[in-house]
Amino acid sequence: MKTTKTRFCLKSIVASSLMMGALATTSAEAATVLRIASQHAPDQYASEVLRDVKKELESAGVDLKIKLYPAGQLGSGEQLLGEAVRGSIDIVHSFVYSHKDPVLEINSLPYLVSNYDEMGKVFSPGSNFYSIFDQRMDKLGLKLLGVTAEGFIGVMASSVPENYKSTGDKGQNIRVWSAQSAKLATQDMGYKTTTIDWGDAFPALQQGVVDGMIGATPEATYTTFKEAIKNYVPYNAFVENYAYYASKKTWEKKLNAEQRKVISEVFAKASARFVEWSRKNDAANLKKLEEFGVEILPISDAERSAIAKEIREKTWPKLEGRLGKEVLDQIVADLN
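These figures come from a predicted structure and were not determined experimentally.

It is worth spelling out the nonpolar core at this point. Judged by nonpolar contacts, the single largest core of 40 residues is most densely connected at Ile106, Leu109, Met119, Phe123, Phe133, Tyr245 and Ile331. The set of elements that each furnish at least two residues to this core consists of α3 (77-86), α4 (116-122), α5 (128-140), β4 (142-157), β8 (231-247) and α13 (325-334). For this core, the element with the most residues is α5, which contributes six residues. For Ile331, the contacting residues outside a window of four places in its chain are Ile106, Leu109, Leu112, Phe129, Ile132 and Trp316. Residues Tyr45, Leu145, Ala246 and Phe274 belong to the second largest nonpolar core, which totals 24 residues.

Right, here's the structure in full:
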């Protein structure tokens, strides 16, 4: 009698275990696993936002499981774009390079915006810029989920530039990155330019190979270059911007309508967080630079707007061959 009861109990336990295992397997199989790759270090604000995105998506009740790969673990920005087109990565947060479509270089237009209010307007759905960016990404096989503006870019230098409040000759040769739009705009701002990779910029500044550089937000200037410079001009000439985008293969074949809706809403909300954060973060790091001993050269909104107007009128037409006059005219309309 005892043996029979024991066997019965064992059978019950085994059956229960198998049932629980089956349920767990079914639940695991039901969840859609998404691989999200980014370029930001784990301690950066953008990574904090992505961790919040992961929590929101997984708790939304639409059977999503998120795996995050920060700090370029799955490749460079160019590689991530290619992998997303192929569908091997589901969602990306990275700078969008123009190697697949020159029109995507609109995200590097000088003085695309010159203040935080314009930043909020232009980098949001509904603007001509956003619509063009969305359409060009779609043609590549990508679904734009949001643009994140992560701070304005100014000029740092080892001495005070001449005529720094206007586009007059600055008497300085400064480092610029390889984009044609960056070179042309910086030259039209009155600087001579030398193209130097980011990784070589610090020693070039320290050794006096160049007098300064353009290409860093106040945060990047403080964390990376403060020991090599004497001053910083907050020109707001470019915006450090990235994008959230999904593989269309994932979007159309891997996700259902309910999941797509949730993902769109969560990433739209995440994107909207960046403008106000940029405003506060730029200000906080300008203060840190000043406290460290770097002089923040004052420039008024009116002076900055005058420079922006000149660059849009002088530099943008030089980019028509690459970007198209119609595209540029539409973006200008965003600012009216």
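Read on, since the account is not over.
Now for unusual backbone geometry. For Ala71, which is not glycine, the phi dihedral falls at a positive 55°. According to the relative accessible area criterion, Ala71 is partly exposed, its value standing at 44%. Phi at Asn163 takes a positive value of approximately 50°, unusual for a residue other than glycine. When you line up the elements, Asn163 lands in the loop between β4 and β5 (173-176).

Within the secondary structure, Ser88 is located in the loop between α3 and β3 (91-94). Spatially, the C-alpha atoms of Ser88 and Gln330 are 34 Å apart, while their sequence positions differ by 242 residues. Contact partners of Ser88, with chain neighbours within four places excluded, come to Arg35 and Glu83. A polar contact is formed between the side chain of Ser88 and the side chain of Glu83, at a distance of 2.3 Å.

What counts, and where the lines are drawn
Residues numbered from 1 in each chain as written. Predicted model: local features only at pLDDT ≥ 70, side-chain atom pairs only at ≥ 80, totals over all residues. Heavy atoms only, no water. Core = buried A, V, L, I, M, F, W, Y, C linked by side-chain atoms within 4.5 Å. Buried < 20%, exposed > 50% of the residue type's maximum accessible area, 1.4 Å probe, protein only. Helix = DSSP H or I, 4+ residues; strand = E, 2+ residues; numbered from the N terminus. Contact = heavy atoms within 4.5 Å. Polar contact = N/O pair within 3.5 Å; in protein donor to acceptor, adjacent residues only side chain to side chain.

Note that all results are geometric; they support no functional claim without further evidence.
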